[in-house]
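So the chains spell out like this:
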Amino acid sequence: MAKRKSAKPAPITLALLALIFLATLSCTPPPTRGIPSTKKPLPSPTPAAVPPATPRPAVPFALGIEYGSPGLAALYAPLGIEWVKLWPAQVRWGDVEPTPGQFEWQKVDRTVGEYQKAGFRHMNLCLTGAGSPCTPADPSCFDRYAEYARQVVERYDGDGQDDMPGLRDPIHLYCLEAEFTGYWPYSAEDYVRLGQAVYPVVHRADSQAQVMLVAILVGDVFDGNPSPDEVTRRLNTSQPHIRKSVAEIRTLLDHPELFDIVDLHSLADYSEIPPTVAWLRAEMARRGYDRPIWIGDAFSMSPLMGFGLETCETGPGRARAFYPATEETRCQAAELIRAYREKSHPQHEEAVAWVRAEAARGLVKKVVVAAGEGLAGINVGNMDDWNLPLMGLAAYQGMADVFLAMGSRQPRPAYDSLGMLAQRIEGFSAVERMAGLPEGVWAYRFNVSGRPLLVAWYDPPGIPWPGEIEPSLGVSLPWEEGSARVTPIVTREGEGPSPGQVVRVESGYLAVDLGRTPLFVETAGP
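Residues numbered from 1 in each chain as written. Predicted model: local features only at pLDDT ≥ 70, side-chain atom pairs only at ≥ 80, totals over all residues. Heavy atoms only, no water.

Caption draft 1: Just the sheet that holds strand 8 (residues 293-298), in detail. An order of 6-5-4-3-2-11-8-7 is seen for the eight strands of this open sheet, with the pairing classed as parallel. Two strands bound the open sheet, and with one partner strand each, they are strand 6 (210-212) and strand 7 (262-266). When the angles between neighbouring strand axes are averaged without regard to direction, this sheet yields 25 degrees. Against the sheet, helix 10 (residues 273-286) contacts strand 7 and strand 8, and its axis sits at roughly 155 degrees relative to strand 7. (Pairing = 2+ DSSP bridges. Helix = DSSP H or I, 4+ residues; strand = E, 2+ residues; numbered from the N terminus. Axes fitted to C-alpha atoms, helices over the stretch in contact; angles between N-to-C directions. Contact = heavy atoms within 4.5 Å.)

Caption draft 2: The state of the cysteines, seen in detail. Within the structure shown, the criterion is met by three disulfides. Disulfide pairing places cysteine 126 opposite cysteine 175 at an S-S distance of 1.8 Å. In this structure, the disulfide formed by cysteine 126 and cysteine 175 twists by about -115 degrees around the S-S bond and is classed as left-handed. Of the two residues, cysteine 126 sits in strand 4 (residues 122-127) while cysteine 175 sits in strand 5 (residues 173-176), which places them 49 residues apart along the sequence. Exposure class is identical for cysteine 126 and cysteine 175. Each is buried. Look at the protein and number its bonded cysteines as they come in the sequence; the links are 1-4, 2-3, 5-6. (Disulfide = S-S within 2.5 Å. Buried < 20%, exposed > 50% of the residue type's maximum accessible area, 1.4 Å probe, protein only.)

Caption draft 3: Molecular detail of the packing of aromatic side chains. Inspection of the entire model under this criterion finds 24 aromatic pairs. For the ring pair tryptophan 105 and tyrosine 156, a centre distance of 6.1 Å and an interplane angle of 80 degrees mean the geometry is edge-to-face. One end of the pair, tryptophan 105, is in the loop between helix 3 (93-96) and helix 4 (106-117); the other, tyrosine 156, is in helix 5 (residues 142-156), and 51 residues separate them in sequence. Centroid distance phenylalanine 307 to phenylalanine 322: 6.3 Å. Interplanar angle 50 degrees. Geometry classified as tilted. Taken together, the residues span a long stretch of sequence, with phenylalanine 307 in the loop between strand 9 (305-306) and strand 10 (320-321) and phenylalanine 322 in the loop between strand 10 and helix 11 (330-341) at a distance of 15 residues. Neither phenylalanine 307 nor phenylalanine 322 differs from the other in exposure class; each is buried. An aromatic cluster is defined as three or more aromatic residues linked by ring pairs; in this entry it consists of Tyr67, Trp87, Phe299 and Trp386. Lysine 244 extends its terminal NZ or CZ atom over the ring of phenylalanine 180, reaching a point 5.4 Å from the ring centre. If you follow arginine 433 out to its NZ or CZ, it ends over the ring of tryptophan 442, 4.0 Å from the centre. (Phe/Tyr/Trp six-rings, centres within 6.5 Å; stacked < 30°, edge-to-face > 60°. Lys NZ or Arg CZ within 6 Å of the ring centre and 35° of its normal.)

Set out below in structure tokens:
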């Protein structure tokens, strides 16, 4: 399901690359005509009901963007977001220390400086052994890796000793390796041994440093918010081309002395967040500890298909469907992806508009649900397209059209919608999911500087494909004031944020029609 341009580390394993390469040599997608339409109710698993999250302290909640690449800081600065996660490739061991004992800081310093000058005061850097001839899992390399980590932390901790020239704000948040998938092609035990060597060194270099556990990816387990029995079945099903085994993930969680924050990657539909977070918290509770959870990498929407060729057919080398797409609707998903990619496709423009609307909706939903689950933060992306094949719609979730060589930077609906959300929830002190609402309704109540803010949408099972009717449901939401301003997020190219509509409230309830596009409900006055 994941990602990256050629200059950035690939998220899939070498085994999967070999499998896809062989499949590509022998198979090509069959010709199809148009995007098939389903006129009857779409077959789809019904997600289990999600109980309301327990209200949790919401401060601080870090809303960040990713991945910070050179040349994009000025484009995203107007959003007013202060957190950014730089590409792991920016801080690769092999680039920072190309020769033993010789450290090269120009590339990292330049990117850090660019984003700090643009107003990004907080950063997340990833320590990764990529590019080094010294294997991170080799005990004989641990001391060298620890020294590389110490040098990076010392460079950006802002303590006045060996700091980056012109450093404006200290950096205290570090992930130790990028993701517990093909990014870390070694065992959980190897990672634990590396952590034992590196974690104390990082904290000695910077007493305020926070180390994130290598990111956990279990999207296949909680995709579509399945029933408890189905979760158990999936946990026990090996998926080596997607993630490490659950036994290995549990080995990592056995060692809370090696991390300050649990890093979770959310690359599927937003509905995976509540059950995944509940599982992680239960695993920590069994071990007698608690750690903050941070979504360190989030696609704005489901890729619909991933990890193979996006075809109607199933079999070796073919992609699997990701909720809200299913194996029953994989043909529609495959054709939609094809229509998006091929500019000559008769439904290309329709597919592009649909995907960009979905990305805007999904991005807002992920941030709101992450906040509602009491997470420490979330980094949402992407800042640009990655244009990689075999990853479904994951390749096309950039919040802007970015063509740096041509100087072109055109925001998409997801960009505007993120700005609307960031402005509204900045500094919120509490958030909870509202209970007692119809199935399929997601509604969250924020307290922002003493004023209420609701973010709500209706998302029944299934997916309306391009050209199909969007679902809607009339609901009554509790609202104490006599009127409210109701504003939808941006879902159309060039539309820009709406001023919203003032609606009268009757008997303490606001009547509103909800659809899959999130609505903001806020005080109507200035």
